[in-house]
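Structural characterization, general
Chain residues, written in single-letter form:
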Amino acid sequence: MDERLQAYLDGEISLAELPPELRERAGEWDRLVNRLRAAGPAGAPLGLERRILEAVTPPRRRPGWLDWLLRPRQVRISPLAAVAAAALVLAVAVRPWSGGGPVGGDAEVAGHVYVQFTVEAPGAASVHLAGDFSDWQPGVALADPDGDGVWTGRAALEPGVHEYMFVLDGTEWMPDPNASTFTDDGFGQRNSVVAVAPLNGT
Amino acid sequence: MQRTDAELVRDILEGREPAFAELVRRYQDLLYRHAVRMTGAADEAEDVVQAAFVKAYRGLARCEDPERVGSWLFRIGANACKDHLKARRRRRTTPLEDVPEVPSGGDGAAGEAERADLRRALDGALGGLSDERREAFVLKHVEGLSYEEMAELLEASVPALKMRVHRAREELQGLLDGKV
């Protein structure tokens, strides 16, 4: 295509500056562009705004059996059962922590696997976990009980591959530096990736 | 007085939901028009725009320049279009000219058949361009943006965008020869 015609279509020169033999072609392009504009929609259809708002506001759900399991309640327990429970807790707690990224497989509840997350964030007032499993809302709060800047917390995740980040002080998002895998988050940063295997290996 | 984009972003992050509705109203037309032009299908464009706004809502805390949240939203929408087209190509090989026609909101019955023919020809020709060239051509000639505005939206250089538009025109000239 003639460079002068390109310059006209780019708005760099006027129609009068084109040689006569190119003006007809320029007029054809103007008509084409006008038709192209006229053929499309002027704006978003009615109802799209409602669809979007509904999509970002999850419907309230009725409490299910998982809520029943997770709701704290007082229980009465015999001394013998207490000893057995303590032994079980001890057996789980003494397992060595390997370090480097989240650690999974402590327990499985209703198809979910508890995964332990650890991050160094000295100076943070709060650290939360957010990921595809929480619709990217800051969910599980990590704790730093001894104040050494190392925050830990556990989340019950479904087996599969999950993307996640840590949210520091409710505003600062950071990937897990200990994660072994990362993926582009589409916002110029990286999400950490954790693969959760079912405990029974199936 | 209308809130600025930065004020809207702040209000959304502080949990005031109506602010997000206002942000949607402010930018849905731009994203939708672009998505229709890129996908060639109104229903797919709605899905793409919805997904883009949901992604933006969830990642809003990561918008580094709230004053220019519109550009940031557009980039998310434009990337969503390209991701959608890639996924569609993997699923099937339907050429763009075969997807349902985009409603024009017509202006009467006279000449409607002729306009429909032209629309199909234009959509088919646009569908023959690469995603990048179609994107640049649509922004330049349908949205009427300057190269500088396009550069900000697409995070590309002005010379690179000029090259894409020039190549798109040359391709379209060949594809539409005799139809316009």
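Our structure's up above, just so we're on the same page.
Residues numbered from 1 in each chain as written. Chains lettered and ligands numbered in written order. Predicted model: local features only at pLDDT ≥ 70, side-chain atom pairs only at ≥ 80, totals over all residues.

Moving on, we come to the overall build of chain A. If you tally the helices and strands in chain A, you get five helices and nine strands. What you see in chain A, going N to C, is helices and strands ordered as α-α-α-α-α-β-β-β-β-β-β-β-β-β. Relative to its full complement of 202 residues, chain A shows a buried share of 21%. Long-range pairs, those at least 24 residues apart, make up 52% of the contacts in chain A with a sequence separation of at least 6. (Helix = DSSP H or I, 4+ residues; strand = E, 2+ residues; numbered from the N terminus. Buried ≥ 20, exposed ≤ 12 C-beta atoms within 10 Å, placed from the backbone. Contact = placed C-beta atoms within 7 Å.)

A word on the packing of helix 7 (residues 147–154) of chain B against helix 8 (residues 158–175) of chain B. All names here are of chain B. With their axes 9 Å apart at the nearest point, helix 7 and helix 8 run at an angle of 105° to one another. Between helix 7 and helix 8, the interaxial angle falls into the category roughly perpendicular. Each of Tyr147, Glu148, Met150, Ala151 and Leu154 in helix 7 lies in contact with helix 8, whose residues at this interface are Val158, Leu161 and Lys162. (Axes fitted to C-alpha atoms, helices over the stretch in contact; angles between N-to-C directions. Parallel < 35°, antiparallel > 145°, perpendicular 65-115°, else oblique.)

Glancing now at helix 2 (residues 20–39) of chain A. All names here are of chain A. When the terminal C-alpha atoms of helix 2 are compared, their 29 Å separation across 20 residues agrees well with the 28 Å that a helix rising 1.5 Å per residue should span. Buried within helix 2 we find Leu32, Leu36 and Ala39. For helix 2, the angular spread of buried residues about the axis comes to 70°, placing them on one side. Pointing more than 90 degrees away from the buried face of helix 2 are the exposed residues Pro20, Gly27, Arg31 and Asn34. (Expected span 1.5 Å × (residues − 1). Arc of directions from axis to C-beta.)

Turning our eyes to something else, we now look at the packing of helix 3 (residues 48–56) of chain A against helix 3 (residues 42–58) of chain B. The N-to-C vectors of helix 3 of chain A and helix 3 of chain B enclose an angle of 40°; their axes lie 9 Å apart at closest approach. The orientation of helix 3 of chain A relative to helix 3 of chain B falls into the category oblique. In the packing of helix 3 of chain A onto helix 3 of chain B, the handedness of the crossing is right-handed. Between helix 3 of chain A and helix 3 of chain B, the contacting residues are A:Leu48, A:Arg51, A:Ile52, A:Ala55 and A:Val56 on the first element and B:Glu46, B:Val49, B:Gln50, B:Phe53, B:Val54 and B:Tyr57 on the second. (Left-handed = near helix turned anticlockwise from the far one by under 90°.)

This part covers the environment of A:Thr181. Within the secondary structure, A:Thr181 sits in strand 8 (residues 181–184). On a C-alpha basis, the gap between A:Thr181 and A:Ala195 in space is 9.2 Å, while along the polypeptide they are 14 residues apart.

The next point concerns the interface of chain B and chain A. Contact with chain B, which involves 39 residues of that partner, is made by 31 residues of chain A. Elements with a minimum of two residues in the side of chain B that touches chain A: helix 2 (17–39), helix 3, helix 4 (69–91), helix 5 (112–127), helix 6 (131–142) and helix 8 of chain B. In terms of residues, the side of chain B that touches chain A owes the most to one element, helix 2 of chain B, which gives 10 residues. When its residues are assigned to classes, the side of chain B that touches chain A shows 17 nonpolar, nine polar and 13 charged. (Nonpolar A, V, L, I, M, F, W, Y, C, P; charged D, E, K, R; others polar.)

Okay, unusual backbone geometry next. The phi torsion of most residues other than glycine is negative, and most of the peptide bonds are trans. All names here are of chain B. Positive phi outside glycine occurs at Glu155, with the angle close to 55°. Residue position: Glu155 is located in the loop between helix 7 and helix 8. Judged by local crowding, Glu155 falls into the exposed class, with 10 C-beta atoms found within 10 Å.

Right, let's talk about the environment of B:Tyr57 for a bit. Mapped onto the elements of the fold, B:Tyr57 is located in helix 3. The residues contacting B:Tyr57, other than those within four sequence positions of it, are A:Val56 and B:Phe20.

A separate point is the pairing of strand 3 (residues 127–131) of chain A. All names here are of chain A. The buried count for strand 3 comes to four of five residues, which makes it a mostly enclosed element. Examined bridge by bridge, strand 3 and strand 4 (residues 141–142) share two bridges and lie antiparallel to one another. Its bridge partner being in strand 4, Val127 is matched across the sheet by Leu142. By the bridge criterion, five bridges tie strand 3 to strand 6 (residues 160–168) in an arrangement that is antiparallel. The partner of His128 across the bridge, within strand 6, is Val167. (Pairing = 2+ DSSP bridges.)

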